[in-house]
Amino acid sequence: MTSFNRSTSRRLKKLTQIPSVWEGDRRPLSSPSQHSDSEEKGECILWVDYSQGVVRGMDVVASDIGPEAIVRTLMRAMEHPHSPARPARPQRIVVKDREIQFYLRGVLQDLDIAIDYAPELPLIDELFRGFADILDSQTPDLPPQYAQILREKAFAIWQAAPWEFLEEQQILSIEINKWDVGTLYASVMGMLGMEYGILFYRSEESLKQFRAAVLTDEESTEHLEEAFLKQDCLFLTFESADETDEDEDEEEDLADLPLSEIDPTFGNIHPLEGLRSVLYDEEALVILVAIESLIRFIRDHRRHLHEDIFPTLSRRYRIALPHSEESTKSVAVTVSTMPQLAAELEDMAGFDVDEDDMENLGLPNFQSLQDDLIPEDSFLSLGVVSWEMLEYLRKGVSYHPSGEIKQVGDGLPVILIQTSRPKAKTLIERIEAIGGLKAICFNPGADPFDGDRYDLGLLQTQNGELFLFGEFLDEDPVHVEARKKWNQRCKNTKGYCGLIIAKGLTGASRGNPQLRDMMALFEARSLSPKDLGLGTLKLMPQLNLE
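If you're wondering where the values come from, they're calculated on a predicted model, not measured in any experiment.

*Asks:* Can you walk me through a nonpolar patch on the surface in this structure?
*Replies:* Together, Phe-228, Leu-229 and Leu-275 make up a nonpolar patch on the protein surface, roughly 230 Å² of accessible area in all. Mapped onto the elements, Leu-229 comes out in helix H8 (residues 221–229).

*Asks:* Just to check I follow, could you spell out the packing of aromatic side chains for this structure?
*Replies:* How two aromatic rings sit relative to each other is given by the distance of their centres and the angle of their planes. Across all of its chains, the model carries 8 aromatic pairs by this definition. Measuring from ring centre to ring centre gives 5.8 Å for Phe-442 and Trp-486, while their planes differ by 75°; the resulting arrangement is edge-to-face. You can see Phe-442 sitting in strand E17 (residues 437–446) and its partner Trp-486 sitting in helix H14 (residues 477–492), a full 44 residues away along the chain. We note that Phe-442, like Trp-486, is buried. Three or more aromatic residues joined by ring pairs form one cluster here, namely Trp-158, Trp-163, Tyr-196 and Phe-238. The ring of Tyr-117 is capped by Arg-98, whose NZ or CZ atom sits 3.7 Å from the centre of that ring.

*Asks:* I'm lost on the pattern of salt bridges in this one. Help?
*Replies:* It is possible for side chains bearing opposite charge to pair when their charged atoms get close. In the structure shown here, the tally under the stated rule is 25 salt bridges. For Glu-344, the salt bridge goes to Lys-208, with nearest N and O atoms at 3.1 Å. Placement of Glu-344 in helix H10 (residues 339–349) and of Lys-208 in helix H7 (residues 204–216) is noted, with a sequence separation of 136 residues between them. We classify Glu-344 as partly exposed; its relative accessible area is 35%. Given a relative accessible area of 26%, Lys-208 falls into the partly exposed group.

*Asks:* Explain the packing of helix H1 (residues 6–13) against helix H3 (residues 68–79) to me, please; I cannot follow it from the model alone.
*Replies:* Each packed pair of helices is defined by two parameters, the angle between the axes and the distance between the axes. Two elements in contact, H1 and H3, have axes separated by 11 Å at closest approach and are oriented at 40°. Classed by the angle they form, the pair H1 and H3 counts as oblique. As for the relative orientation of H1 and H3, their crossing is left-handed in sense. Taking contact as the criterion, the partners of Thr-8, Arg-11 and Leu-12 in H1 are, on H3, Met-75, Met-78 and Glu-79. Per-class residue counts for the contact of H1 with H3 are 3 nonpolar, 1 polar and 2 charged.

*Asks:* Would you take a moment to explain the side chain of Arg-276 for this structure?
*Replies:* Position of Arg-276 relative to the elements: it lies in strand E11 (residues 274–276). Separated by 2.8 Å, the side chains of Arg-276 and Glu-273 make a polar contact. For Arg-276, the side chain forms a polar contact with the main-chain oxygen of Val-278, separated by 2.6 Å. The residues touching Arg-276, leaving out its near neighbours within four places in the chain, are Phe-235, Gly-267, Asn-268 and Glu-283.

*Asks:* Would you explain a negative patch on the surface in this entry?
*Replies:* A cluster of acidic residues, Glu-164, Asp-452, Asp-474 and Glu-475, forms a negative patch at the surface. Position of Asp-452 among the secondary structure elements: in the loop between E17 and strand E18 (453–461).

*Asks:* Explain the sheet that holds E11 to me, please; I cannot follow it from the model alone.
*Replies:* Strand pairs in the sheet, formed through backbone hydrogen bonds, run parallel or antiparallel to each other. The 8 strands are arranged E11-E10-E9-E8-E7-E6-E13-E12 in an open sheet whose pairing can be described as antiparallel. Each of the sheet's edge strands pairs with one partner strand only, and the pair in question is E11 and strand E12 (314–320). Along the sheet, successive strands turn relative to each other by an average axial angle of 25°, direction set aside. When strand E10 (residues 262–270) meets E11, the two strands line up antiparallel, connected through 3 bridges. Directly across from His-270, in E11, lies its bridge partner Gly-274. Against the sheet, helix H6 (residues 144–160) touches strand E8 (196–201), strand E9 (233–240) and E10, its axis set at about 105° to E10. Against the sheet, helix H9 (residues 281–305) engages strand E6 (172–178), strand E7 (181–189), E8, E9, E10, E11, E12 and strand E13 (330–337), with an angle of about 140° to E12.

*Asks:* Any chance you could explain the environment of Ile-45 here in plain terms?
*Replies:* Within the secondary structure, Ile-45 sits in strand E2 (residues 43–49). Once the C-alpha coordinates of Ile-45 and Gly-24 are considered, the two residues, 21 residues apart in sequence, prove to be 7.5 Å apart. Not counting residues up to four positions away in its chain, the partners in contact with Ile-45 are Asp-25, Arg-26, Gly-57, Met-58, Asp-59, Val-61, Ala-69, Ile-70 and Thr-73.

*Asks:* Looking at this model, I keep getting lost on the nonpolar core. Mind explaining?
*Replies:* Grouped burial of nonpolar side chains is what soluble globular proteins tend to show. Ranked by internal contacts, the top residues of the largest apolar core, which has 53 residues, are Ile-157, Ile-174, Ile-176, Phe-200, Phe-238, Phe-266 and Leu-294. Here this core takes 13 residues from H9, the largest share from any one element. Among all residues touching Ile-174, those that are not within four sequence positions of it are Gly-182, Thr-183, Leu-184, Ala-186, Phe-200, Ala-290, Ser-293, Leu-294, Val-333, Thr-334 and Val-335. Residues Trp-22, Trp-47, Ile-70 and Met-78 belong to the second largest nonpolar core, which totals 26 residues.

*Asks:* I would appreciate a short explanation of the confidence of the model for the protein in the present structure.
*Replies:* The predicted structure's coordinates, where accompanied by low pLDDT, should not be read in detail. On average, residues of the protein carry a pLDDT of 83, and 85% of them reach 70 or more. Looking over the protein, one finds the lowest element-wise mean pLDDT in helix H11 (residues 355–361), namely 38, and the highest in E6, namely 95. Under a pLDDT of 50 for its full length, residues 351–367 has, in the predicted model, 23 contacts with residues more than four places off or in other chains. Low pLDDT, under 50, characterises residues 541–546; the stretch is placed with 13 contacts to residues that sit more than four places away or in other chains.

*Asks:* How should I be thinking about the sheet that holds strand E3 (residues 54–61) in this particular structure?
*Replies:* With mixed pairing, the 5 strands of this open sheet are ordered in space as E3-E2-E1-E4-E5. Unpaired on one side and paired on the other, E3 and strand E5 (114–117) mark the two borders of the sheet. Averaged over all neighbouring strand pairs, the angle between strand axes comes to 20°, with direction disregarded. Contacts between H3 and the sheet are confined to strand E1 (17–28), E2, E3 and strand E4 (89–95), with E3 contributing the most and set at about 145° to the helix.

*Asks:* Before we go on, may I ask you to explain the pairing of E4 in this structure?
*Replies:* Looking along a regular strand, one sees the side chains alternate between the two faces of the sheet. Within E4, 5 of the 7 residues are buried, which leaves the element mostly enclosed by the surrounding structure. Strand direction decides the pairing type here: E1 and E4, joined by 5 bridges, are parallel. Note on E4: the bridge partner recorded for Trp-22 is Ile-93. When E4 meets E5, the two strands line up parallel, connected through 4 bridges. In the strand pairing of E5, Arg-92 is matched with Ala-114. The handedness of the E4 to E5 crossover, carried by helix H4 (residues 98–107), is right-handed.

*Asks:* Please explain unusual backbone geometry as it appears in this structure.
*Replies:* The phi angle of most residues is negative, glycine excepted, and most peptide bonds adopt the trans form. Look at the link from Ser-83 to Pro-84: it is a cis peptide, with omega at 10°. Within the secondary structure, Pro-84 is located in the loop between H3 and E4. At Asn-177, a position not held by glycine, the phi torsion is positive, near 55°. Inspection of the secondary structure puts Asn-177 in strand E6. Backbone geometry places Asp-180, a non-glycine residue, at a positive phi of 60°.

What counts, and at which threshold
- Residues numbered from 1 in each chain as written.
- Predicted model: local features only at pLDDT ≥ 70, side-chain atom pairs only at ≥ 80, totals over all residues.
- Heavy atoms only, no water.
- Patch = residues over 30% accessible without salt bridge, like charges linked within 9 Å, V, L, I, M, F, W, Y side chains within 5 Å.
- Areas by Shrake-Rupley, 256 points an atom, 1.4 Å probe, with all protein chains shown as cover.
- Salt bridge = Lys/Arg side-chain N within 4 Å of Asp/Glu carboxyl O.
- Helix = DSSP H or I, 4+ residues; strand = E, 2+ residues; numbered from the N terminus.
- Phe/Tyr/Trp six-rings, centres within 6.5 Å; stacked < 30°, edge-to-face > 60°.
- Buried < 20%, exposed > 50% of the residue type's maximum accessible area, 1.4 Å probe, protein only.
- Lys NZ or Arg CZ within 6 Å of the ring centre and 35° of its normal.
- Axes fitted to C-alpha atoms, helices over the stretch in contact; angles between N-to-C directions.
- Parallel < 35°, antiparallel > 145°, perpendicular 65-115°, else oblique.
- Left-handed = near helix turned anticlockwise from the far one by under 90°.
- Contact = heavy atoms within 4.5 Å.
- Nonpolar A, V, L, I, M, F, W, Y, C, P; charged D, E, K, R; others polar.
- Polar contact = N/O pair within 3.5 Å; in protein donor to acceptor, adjacent residues only side chain to side chain.
- Lys, Arg positive; Asp, Glu negative; His and termini not counted.
- Charge placed at Lys NZ, Arg CZ, Asp CG, Glu CD.
- Pairing = 2+ DSSP bridges.
- Core = buried A, V, L, I, M, F, W, Y, C linked by side-chain atoms within 4.5 Å.
- pLDDT = per-residue confidence, 0-100.
- Right-handed = clockwise from strand over helix to strand, strands pointing away.

Here you go:
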């Protein structure tokens, strides 16, 4: 049996011994009426001074932690008790567990403390009854009778991955006509690899109002938050089960994690209620029926939903109601695509405006996308320049600043283009001639003929033109990893990034240009596909993107 070091025993014996009786116990945190596994919530260790009626020490530990934990809490109760108690050791300790009694007798034998057994601990029993009342009064995130099946259906949706072929504006209607719900309008999030989930709007009006509010003022965090809380919808979102620091340099895409590390969250948003990550019985049934009908619809129409044009589809399903106390044991649901609404939402976002409207909005003409800026056979990479190296570049090359960049993270995210010296010089002169570089962007692209999807790298110049600098397959693991780092670094710098043009394509420094090879640095802003508002760019037979 583990015992105190002699020095520890001497230190504890120096504490004033008071004529008090202390109660100690260790019990599960969950109340008897709860169905959750107590091991998940752990156990509470409590030491109280029965004579004075005060709590001297309390800890929450995992259920598999050994008996040493109760001694550690007791030591704190003696040396560093909760206020208003003062450091002291008791004359007598009472426990209601024989194993704890025998264990403490062995550990505390040098401290002149009597260790007794009692079948009841009045003060601790009263405290734990209060804890149980509090736990019973708490509303669980999901109704217990639906919690397991809701999580199972959520994981089924995760594995179906509708965000791989449905964009946010490609709405699916789910007609339920039960529980005071008529039709839900499902918007799938995740195609951009940022947030994964499904929003189930209770009305078209709420969906359109939110989209309009976001497009009206995308820069104001306060207005975006207000617009977010004015939505009227149920939601299912996915997060990493591993709670890591969001400011880490490398932010992992959820899609790359195994199923065991994905955690679904359900909830409700309403203008008068705000956001709550709790579902009540009827809401749980509604979202369960909606998810199950979506799973079936995706299974039946997956091939059609992958098509370039959002198709007109509809299918009726009968969904069984688990644990139903109602007379009806199932509900009929109709799921349909909404191409007309999708087109309307695209128009709102400026995905399909004419040339005059584009000029008025300050957007590049769709026909102006060019692929003749970057020399053929150039070496291209996404990377980072350390802040120290950045200072050398600013002083030693043709430098075009964009603004004051906050030095956060490991450096400035950059696109590196390495070519021959003459071609590099021509490239620099051409960018300078049209006013310099304004932004660096990545936008979804697709080849409707072979089904490949791309991440298109675009340069936007100050005159509004867009130039293609790279086509990267979505499934390329090297690019996927590089893009994750790019996104996180741009987040650190508040959207600032850079373009480096270097020479030495055929020399010893090919693929790894040194400072002497770098000829120009153009600082710019990073734009998201949403900022561009072009939607998915599609490869046409003439090899023009439109």
